[in-house]
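Architecture and fold: a report
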Amino acid sequence: MLKCRTVWKKLAPLARASSTLCRQNVRRTALNNGRTPAYVSAAHMSSGPAGGGRANQMYVLLVGAACVGGGVYTYRTVKGDGQRYQERIEEISSRPNKTQASYIQTEPPAVEATETEAVPEPEPEAAPSSGEPSPPAADVEAVIPTETTEAPPETSEAPPGDSAAASLKVPSHAPYLLIGGGTASFAAARSIRARDPGAKVLIVTEEPDAPYMRPPLSKELWFSDDPSVTETLRFKQWNGKERSIFFQPPSFYITAEELSSAENGGVAILTNRKVVHMDVRGNKIKLDDDTEISYDKCLIATGGVPRNLQVIERAGEEVMQKTTLFRKIEDFKELDKVSRNVKSITIIGGGFLGSELACALGRRSSEFDLEVIQMYPEKGNMGKVLPEYLSNWTTEKVKSEGVKIISEALVKSVVSKDDQLEIQLKDGRLVKTDHIVAAVGLEPNVDLAKSAGLEVDSDFGGFRVNAELQARSNIWVAGDAACFYDIRLGRRRVEHHDHAVVSGRLAGENMTGANKPYWHQSMFWSDLGPDVGYEAIGIVDSSLPTVGVFAKATAKDTPRAATELSGTGIRSESETEDTATSPVASSTPAPSGSHKDEYGKGVIFYLRDKVVVGIILWNVFNRMPIARKIIKDGEEHSDLNEVAKLFNIHDD
């Protein structure tokens, strides 16, 4: 190229002279003819009297040299770019894979990992637990929380002065910021990465652990025969397959300090960090150590905190130390330890969590000489959900597990006396116990509402969002903390695992531009051990009119048998109404009333204005798509016995 410039400098004067000469020749010709030519073509200008021919040749030579020089330069540039691209690809290919966890935790012991890897896996991946939806089709599998077969990470925090903790650098900016480390947050992270493969996602959680499933904490983990289950946090499902409560192993995540420079993006976690302030206008948050992080889009998935009885809170520190509010991994570990060292545990609450824990601890009563008491203000277990006859039947089932039931119990006071707790009821009854488990509901965590200026629903609690789960143009809410508009059943707030998965996934999709409304009717389930279980959808409230259709159960009508038959989890949010568009009704007639007291299996319909708004499948499994479609259709049914046939409950 330098040669071309040199040639140009030498030939430029000749080119200008040639152009000047041409113009002079034109003027002479015009004077000789006594007129000005109307048009002079380019060819006429490039030729003329003697003396102009050589200049034109030099001009042509100059243009040709410039073209040749430009071509050479272009060829060399393209060739050089190709070489540099190839070198870059080779460099990226030679990089080692990253396996370090993004949160500051001690890596699992090498021997555990070795033992896990050594286990033969002749079958497909272990099925999701009852708390985990089974994998959907291939096109959406990437956004559903999946299990890990690796050893879980240690839950202990890094000790003071630990080099890993000292080297942690919090990123100053996260394109996608997720507040909360539960199921909804993890589902959103997977959804975001599925739609935006290069997305950089940062999860901030108060807990010391990576995202995990909560349902097994009150279900399968208690039935494990592994004495080290509190350390491994692995359990066997009712079908005998083993899995961890953690959605992914540590190697799934990248470190927080790597997030900003990660070429292909990734998901990083900041554990043991609390967001204390949110600046919506400035698009940034402040952590409890005054660190600030800006964001482009933010998800609030803060979940909820267990409620406590005011009489317990006012009773003093000594009573509080002997009270468990069950919610996290630490609560499971604590209650497991307590159950092995005390003589009596009293569970206050007759809902899902209270009844599940009562059955779980009741199984231990004979082995550890443990007295298990369950008290609640209702007449029977799950009295706010089940119709009275079924609630009474469930109560007898819980009693058969070794649990002492105290119904219609209103706590007046709790005091610590003689190293025991004395629970005084309003009707005068006195209960003495060593430990209390308060399972009286969940309070949505809306601590950020004030600083963020976000609306909290006065009726249901939680952040008020639209059908797309948006609270602001770049802020979404999912999980227990979201009060959303259900296009079929109106405004609602749901506190179940399936809702956390589906709402988290939808929020993640909408954060990447999907703009989809929340139409999914989430389901929930509860198991009273491996032999009795039910699934529910919609509004299930015992104050509503109900119609129950039952049949005598067989050996296959249990959670255990259902999972053994299918080989997969029986609770799946991936099921949609598409699989239930043409249900095949059972041709077997309904039984007569001879088994009216045997509620082995059946369907309970909840009605509002003669329309089905809720359904419970009692020991009936893998039929949720049908129930979801019935509620979505919103039609009146003259004979619900005929509708019940769609669930094939009368087939043996």
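Residues numbered from 1 in each chain as written. Predicted model: local features only at pLDDT ≥ 70, side-chain atom pairs only at ≥ 80, totals over all residues. Heavy atoms only, no water.

Notes on the pairing of strand β25 (residues 533-538)
Counting buried positions over the six residues of β25 gives six, a clear majority of the element. As paired elements, strand β24 (residues 523-527) and β25 share five bridges and run antiparallel to each other. Paired with Asp527 across the bridge in β25 is Gly533. Summarising the sheet, β25 and strand β28 (residues 611-618) pair through five bridges and their orientation is antiparallel. By the bridge assignment, Tyr534 is partnered in β28 with Trp618. (Buried < 20%, exposed > 50% of the residue type's maximum accessible area, 1.4 Å probe, protein only. Helix = DSSP H or I, 4+ residues; strand = E, 2+ residues; numbered from the N terminus. Pairing = 2+ DSSP bridges.)

Overview of the sheet that holds strand β14 (residues 411-417)
Reading across the sheet, the three strands line up as β14-β15-β16 and stay open at both edges, with antiparallel pairing between neighbours. The sheet is open, and its two edges are formed by β14 and β16 (430-433), each paired on a single side. Strand-to-strand twist across the sheet, computed as the mean angle between neighbouring axes with direction ignored, equals 20°. Direction of pairing for strand β15 (residues 420-425) relative to β16: antiparallel, over a ladder of four bridges. Paired with Ile423 across the bridge in β16 is Val431. (Axes fitted to C-alpha atoms, helices over the stretch in contact; angles between N-to-C directions.)

Structural notes on helix α14 (residues 497-511)
Look at α14: 21 Å from first C-alpha to last across 15 residues, which is about the 21 Å you get at 1.5 Å a residue. With 15 of 15 residues buried, α14 is to be regarded as a mostly interior element. Just downstream of α14, Gly513 is the residue with a positive phi angle, here 100°. (Expected span 1.5 Å × (residues − 1).)

Thoughts on helix α16 (residues 624-633)
Within α16, seven of the 10 residues are buried, which leaves it mostly tucked inside the rest of the structure. Those residues of α16 that are buried are in contact with α14, β24, β25, β28 and α17 (640-644). With its phi angle positive at about 60°, Gly634 sits one or two positions after the end of α16. (Contact = heavy atoms within 4.5 Å.)

Thoughts on the environment of Leu217
For Leu217, the position within the fold is in the loop between β2 (200-204) and α7 (229-232). Overall, the relative accessible area of 1% leaves Leu217 in the buried class. As for Leu217 and Ile329, which are separated by 112 residues in sequence, their C-alpha atoms are 7.1 Å apart. Look past the residues within four positions of Leu217 in its chain and what remains in contact with it is Tyr212, Trp222, Ile245, Phe326, Arg327, Lys328, Ile329 and Phe332.

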